[in-house]
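Working through the structure, step by step
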Amino acid sequence: MRAVHRDDVSPSPSRGPRLSVSWKWMGSALLLTMTPAWAQDAATPPPPPGSEAAAQQGEQAEATAAEGEDTTLGDDVFQMAPVVVTATRTEQDAASAPASVTVVTQEDLKRAPVGDLTDAIRLAPGISLTAGSQGRRGISIRGMDSSYTLILIDGKRVNSMEAVFRHNDFDIGLIPTEGIERIEVVRGAMSSLYGSEALGGVINIITKPIAPKWTGGIDLKAQTPTVGANGEELRSSVFLSGPLIKDTLSMKITGGFNHRQAWNGATNPGSPVLNADGVPLTRDDGSVVNYGDLATIEGRNDHNGRLSLNWTPTSQQTITAEYGRAYQNRIGEYYIGGSYGDADAVVHRNDAVLGHKGKWDWGNSEVRGYWEGLDTGVDGLTQNNIVAEANATAYLGINTLTVGGEARWIDLESDEFTSGGASVHQQAVYAQDELSLLDNLTLLLGARLDNHENFGLNLTPRAYAVYSPIQHLTLKAGVGTGFKAPTLRQLSTESLVTSCRGRCGIIGNPDLDPEKSTNFEVSANWTMSSWGLSATVFQNNIRNLIDTPRGTGVEPVGTDPETGLPLYVPRNVNRARLRGVEATASKSFSNVVRLSANYTFLESRDLDNDVQLPNRPKHTLNGQVDVMPLTGLKAFVRGQYVGTQLGGTEEVEAYALFDAGASYDISKNFGVNAGVLNIANTRTEDEEGYVFQERGRTLYAGVNARF
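Residues numbered from 1 in each chain as written. Predicted model: local features only at pLDDT ≥ 70, side-chain atom pairs only at ≥ 80, totals over all residues. Heavy atoms only, no water.

A word on the pairing of strand S36 (residues 619-630)
As paired strands, strand S34 (residues 593-606) and S36 are joined by 9 bridges and run antiparallel to one another. The residue bridging Leu595 from the neighbouring strand is Val625, located in S36. Counted between consecutive antiparallel strands, the loop separating S36 from strand S37 (residues 633-642) contains 2 residues, among which Gly632 sits at a positive phi close to 90°. (Pairing = 2+ DSSP bridges. Helix = DSSP H or I, 4+ residues; strand = E, 2+ residues; numbered from the N terminus.)

Overview of the environment of Asp439
Along the chain, the position of Asp439 falls in the loop between strand S23 (421-438) and strand S24 (441-452). Under the relative-accessibility criterion, Asp439 is labelled exposed at 89%. On a C-alpha basis, the gap between Asp439 and Tyr467 in space is 9.2 Å, while along the polypeptide they are 28 residues apart. (Buried < 20%, exposed > 50% of the residue type's maximum accessible area, 1.4 Å probe, protein only.)

Concerning the environment of Ile153
Residue position: Ile153 is located in strand S7 (residues 149-153). Classification of Ile153 by relative accessible area gives buried; the value is 11%. Sequence separation between Ile153 and Ile206 is 53 residues; the distance between their C-alpha atoms is 6.2 Å. Beyond its immediate stretch of four places on either side in the chain, Ile153 contacts Val158, Leu174, Ile175, Asn204, Ile205 and Thr207. (Contact = heavy atoms within 4.5 Å.)

Focus: the sheet that holds strand S32 (residues 566-568)
With respect to topology, 4 strands assemble into an open sheet ordered S27-S28-S32-S31, the strand pairing being mixed. In this open sheet, the two strands that pair with only one neighbour each are strand S27 (496-499) and strand S31 (558-559). Pairing between S27 and strand S28 (residues 504-507): 4 bridges, direction antiparallel. Paired with Thr498 across the two strands is Gly505, which belongs to S28.

Describing unusual backbone geometry
Here the phi dihedral of Glu197 falls at roughly 80°; this positive angle occurs in a residue that is not glycine. Among the structural elements, Glu197 can be located in the loop between helix H6 (191-194) and strand S10 (201-207). Not every positive phi belongs to a glycine, and Asn678 is a case in point at roughly 55°. Summarising the element assignment, Asn678 is placed in the loop between strand S41 (670-677) and strand S42 (682-684). Since its relative accessible area comes to 5%, Asn678 is described here as buried.

What about the side chain of Glu333?
Tracing the backbone through its elements, the reader meets Glu333 in strand S17 (residues 317-336). At a separation of 2.3 Å, a polar atom in the side chain of Glu333 contacts the side chain of Tyr340. (Polar contact = N/O pair within 3.5 Å; in protein donor to acceptor, adjacent residues only side chain to side chain.)

Let's talk about the packing of aromatic side chains
Overall, the coordinates contain 0 aromatic pairs when judged by the stated rule. Across the ring face of Phe538, the terminal group of Arg142 is positioned such that the distance to the ring centre comes to 4.5 Å. One residue, Lys208, lies across the ring of Phe239, its end atom 4.7 Å from the ring centre. (Phe/Tyr/Trp six-rings, centres within 6.5 Å; stacked < 30°, edge-to-face > 60°. Lys NZ or Arg CZ within 6 Å of the ring centre and 35° of its normal.)

Overview of the nonpolar core
Ranked by size, the top nonpolar core spans 22 residues in total, and within it Leu117, Ile121, Ile139, Ile183 and Ile203 carry the most contacts. Broken down by secondary-structure element, the contributors of at least two residues to this core are helix H5 (117-121), strand S6 (137-141), S7, strand S9 (180-187) and S10. By size, the runner-up hydrophobic cluster in this structure holds 16 residues, among which are Val103, Leu152, Met190 and Tyr430. (Core = buried A, V, L, I, M, F, W, Y, C linked by side-chain atoms within 4.5 Å.)

Thoughts on the sheet that holds strand S4 (residues 100-105)
Taken in spatial order, the 5 strands of this open sheet run S4-S9-S10-S7-S8, and their pairing is mixed. Only two strands of the sheet have a single partner each, and these edge strands are S4 and strand S8 (156-157). Summarising the sheet, S7 and S10 pair through 5 bridges and their orientation is parallel. If you follow Leu152 over to S10, its bridge partner there is Asn204.

These figures capture arrangement, not role.
This is how it looks when you write it as structure tokens:
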């Protein structure tokens, strides 16, 4: 069993002590220290689209954003429901949206350091973090693998999975926090709207809109671990927006510069690393590699910038052009499974967008095309993604009808393919109707038809009902389907990738079938002006899961003639079932104290082998207390309990994390914040390097300015 321990003052020469904490007591304590209020959204419906009230609400929101106004913890915060667009591609409040939706607000992002998307949403219900090598993290929704989580930025796909196909965390650190308006997390299969990759759910990063008058902001944060060696981190983000020609042409600039040194958290930093023969490991220059040299969490640089222009030839039409550049790399020495190396992953990313939005008497329309190009530098891989899409929403009596189409092309160039690369294209059409059958009953019916180059037609329907029998109570029930096509590498026999830590190779399998899922959920939501409760029961049935069996007991399909390594192929080998319960609670006391909590129970089974799926905790409990004792002063204490889970073939013990911090607005335009992360210095041990690593106790401080 892999232990969880804490290093209280100084590193120990041997394995640290186990946490001597009663988890029964810990769970009770966490119920009193609750997660942010976005864990359960409020329930006040928004005004009808196109109404005068809706227009006034939009104008007020724009004015507030432009003036940089802040909100307090007063009851009014709980009386306005967050507006979401990801669940249906139309605006509606989160509580009555036909899906399980969590909204992370800009205020949540500013509360504590956010290095990437995982920091922003890890306390949301149904979310768990999966592990890659050297501290890389993925996002699992309701127990689904991170590759089944579709990431969008303003509804546009972000995809580097073909170029960086293992331990990919490059898509989760692209947008600077100062440029984010909110993050919408939709749990459950959403392929009926978004196609492949949306089996587990969708995360949509909504950026700040272009402001009607000049406004800007800068946010700076620094943090440093108090244990181990190195690991210092500096993050900065900027936002600037305003009109170039009044009522005609406006612009937005966002940028981010994030740097983190590799953190070395070894308990025996001065001891040499021994190879399989028991001999100290040396580098090419003859120097000895010590455990203190290895990256427990690798260093990283995420630099990005984006320019957006809006041209409004009429008050009802907007033409948008965007261009963005990003540079990302990972740094650190590693020794995993007998293999030593130096991380040198690099991704250069460019993207461009051209789109048109129209507001018409009958509804709204959007047409856009975008390109994303990636170059992995030292690996010599390039990936190009091109998407053309259009959709329209019409308000026809009791019907809100949305129809759309999409065409996508992915092209990969790599020396790992004997022909130099591979490509794939697919097209899709979809339709969705939201029927307001009664004032308190809506029914959503939708379907998407994908035509994939290799797999032909795939239909993914979805149905969802929302019913409010009495004031404050909302009931939801739905069923959705999803599919995920194999990647280019998984399909192509020309692809040869070294795996098994250098001891085998993997080639593609053209006989693979797409992975498919069916998702069911039922929920109840009770929301008052200052408190709320919710409970959701869900089940996801997956078939044709793709895995690559290899190692002991698995016969290779051949041998690489150049290296002599055994070769294995991916196969459709498993059926799986993931089911569980999500519960949330929140309560505010006047404008001084806010409590909130969420709990997730997850049962994950490989049905073919009747075993628990790895890296999926059965119990997760999050809690937070927010306090505002003085105007402008806010403080929080939060905790997270992560239950036992399998890490490979071993069990990782349950553990808990606690953070605390405070922020103070010195003036309307300037604020400071500081705090401590992982107060108890809880660590997860992992001899093989593939279990998620929690960084030790860390101090942070930051400043932000707005105008």
